[in-house]
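# Tertiary structure, described
Residue-level listing of the chains:
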Amino acid sequence: MLANITYLGKDYKIDLFAPIDISIPLHTGANCVNAWYVPPMRIEPVIIGDWIGDVNEGSGVNFRNIFFNPHGNGTHTECVGHISKEFITINQCLRKFFFVAEVVTLLPEEKDGDLVITRNNLAIALKGKKAEALIIRTLSNSPAKCSAQYSNTNPPYLEKEAMQFIVESGFNHLLIDLPSVDKEKDNGELASHHAFWEYPHNTQPHRTITELIYVPNSVFDGTYILNLQIASFENDASPSKPVLFSLFNY
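For clarity, every value in this text was computed on a predicted model and none was experimentally measured.

### Quick look at the nonpolar core
Core analysis: the largest hydrophobic core is formed by 55 residues, its most contacted members being Leu-122, Leu-134, Ile-135, Ile-136, Ile-166, Leu-174 and Leu-244. The greatest single-element share of this core, amounting to 6 residues, is contributed by strand β9 (residues 98-106). Not counting residues up to four positions away in its chain, the partners in contact with Ile-136 are Val-104, Leu-106, Ile-117, Leu-122, Ile-166, Leu-174, Leu-175, Ile-176, Asp-177 and Ile-213.

Set out below in structure tokens:
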């Protein structure tokens, strides 16, 4: 199914039947991507007296409870409520779901024993391009990211100056294949989170950060339409399903 869209005065087509899912499936077991010291997701049948919510146990339906943490178990989208004293939810903040997005691939730089994404990394990759959403794929980029266990590994992160560059460039939605835009252990500073949302002095609640995505190597850097899907959780974060659509010139 082809749809016609106009963006910045140019006409494009997108194929709605050719989605590119860049979320990581959330499932039970130790081989699902995991971070922040949380246990793997659990799915368990409801038990009420002698009744068990499992067809294989004689029930007419499967009726299960799910236990997970959105920040540590899989792809998720978060809002400023992640760092704010005020109770702010992703369901309140994310009110649009389609955006023009730029995909860029970056090799983090080594600094003081850490791997970091710098302002210079981004400036070179973007070359002045602007859009509503920025999607960062880091190298190396093997499918092992979908089962990575990030706790206590000091993964790469964004320098505060890099995040300030993202804000200055006009991006309102940031998607990245890392567990956080900040260093794993930073004494609670969360400098890049604060820089992105400009919290608390100039808070921008419409902005979102999506972490733990996976952009396959078959996806080229460039401009796409992003459909950012969340569950309607009244919480600072929700599991999410970002989907890309390629743009074709007329």
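### Some points on the side chain of Ser-23
Considering the arrangement of structural elements, one finds Ser-23 in the loop between β3 (20-21) and β4 (42-45). A distance of 2.7 Å separates polar atoms of two side chains, one belonging to Ser-23 and the other to Asp-21. Ignoring any residue separated from it by four or fewer positions in sequence, one finds Ser-23 in contact with Thr-75, Ser-240, Lys-241 and Pro-242.

### A short note on the packing of aromatic side chains
A complete count under the given rule lists 4 aromatic pairs for this structure. Geometrically, the ring pair formed by Trp-36 and Tyr-37 is edge-to-face, given 6.3 Å between the ring centres and 85 degrees between the ring planes. Owing to a relative accessible area of 44%, Tyr-37 belongs among the partly exposed residues under this scheme. Taking 6.3 Å as the distance between ring centres and 70 degrees as the angle between the ring planes, the aromatic pair formed by Phe-68 and Phe-233 counts as edge-to-face. Here Phe-68 is found in the loop between β7 (64-67) and β8 (76-78), whereas its partner Phe-233 is found in the loop between β16 (222-230) and β17 (237-249), with 165 residues between them in sequence. A relative accessible area of 36% places Phe-233 in the partly exposed class.

### Examining unusual backbone geometry
In this model, Leu-139 is joined to Ser-140 through a cis peptide bond whose omega is 5 degrees. Tracing the sequence through the fold places Ser-140 in the loop between β12 (133-138) and β13 (157-158). With an omega of 10 degrees, the peptide bond running from Tyr-199 to Pro-200 counts as cis. Relative to the helices and strands, Pro-200 is located in the loop between α4 (191-197) and β15 (208-211). Despite not being glycine, Leu-212 shows a phi value in the positive range, around 60 degrees. For Leu-212, the location among the structural elements is in the loop between β15 and β16.

### Details of the pairing of β12
Of all 6 residues in β12, 6 are buried, a share of seventy percent or more. Burial along β12 is two-sided: the face carrying Ala-133, Ile-135 and Arg-137 and the face carrying Leu-134, Ile-136 and Thr-138 are both buried. Direction of pairing for β9 relative to β12: parallel, over a ladder of 6 bridges. In the sheet register, Val-104 faces β12, and the bridge partner there is Ile-136. Here β12 pairs with strand β14 (residues 173-176) via 4 bridges, running parallel. Looking across to β14, one finds that Ile-135 is bridged to Leu-175.

Reading the values: rules and limits
All residue numbers refer to positions counted from 1 along the written sequence of the respective chain. At least 70 in pLDDT is required for a residue's local features to be given in this predicted model, at least 80 for side-chain atom pairs to be given and counted, and no such filter applies to totals for whole chains, interfaces and linings, which use all residues. In computing side-chain values, all of the structure's heavy atoms are included and hydrogens and water are not. Take the buried Ala, Val, Leu, Ile, Met, Phe, Trp, Tyr and Cys residues and link them wherever side-chain atoms come within 4.5 Å; each set so joined is a nonpolar core. Each residue gets one of three labels from its accessible area relative to the maximum for its type: buried under 20%, exposed over 50%, partly exposed in between, using a 1.4 Å probe on protein chains only. Counting from the N terminus, the helices are the DSSP runs of H or I reaching at least four residues and the strands are the DSSP runs of E reaching at least two. Any two residues whose heavy atoms approach within 4.5 Å at even a single point are treated as in contact. As used in this structure description, the phrase polar contact means that two N or O atoms lie within 3.5 Å; if the pair is within protein, one of them must be able to donate a hydrogen and the other to accept it, and residues adjacent in sequence are counted only when both atoms belong to side chains. What counts as a ring pair is set by centres within 6.5 Å for rings of Phe, Tyr and Trp (its six-membered ring), and what kind of pair is set by the plane angle: stacked under 30 degrees, edge-to-face over 60, tilted for all other angles. When DSSP finds two or more bridges between a pair of strands, those strands are recorded as paired.

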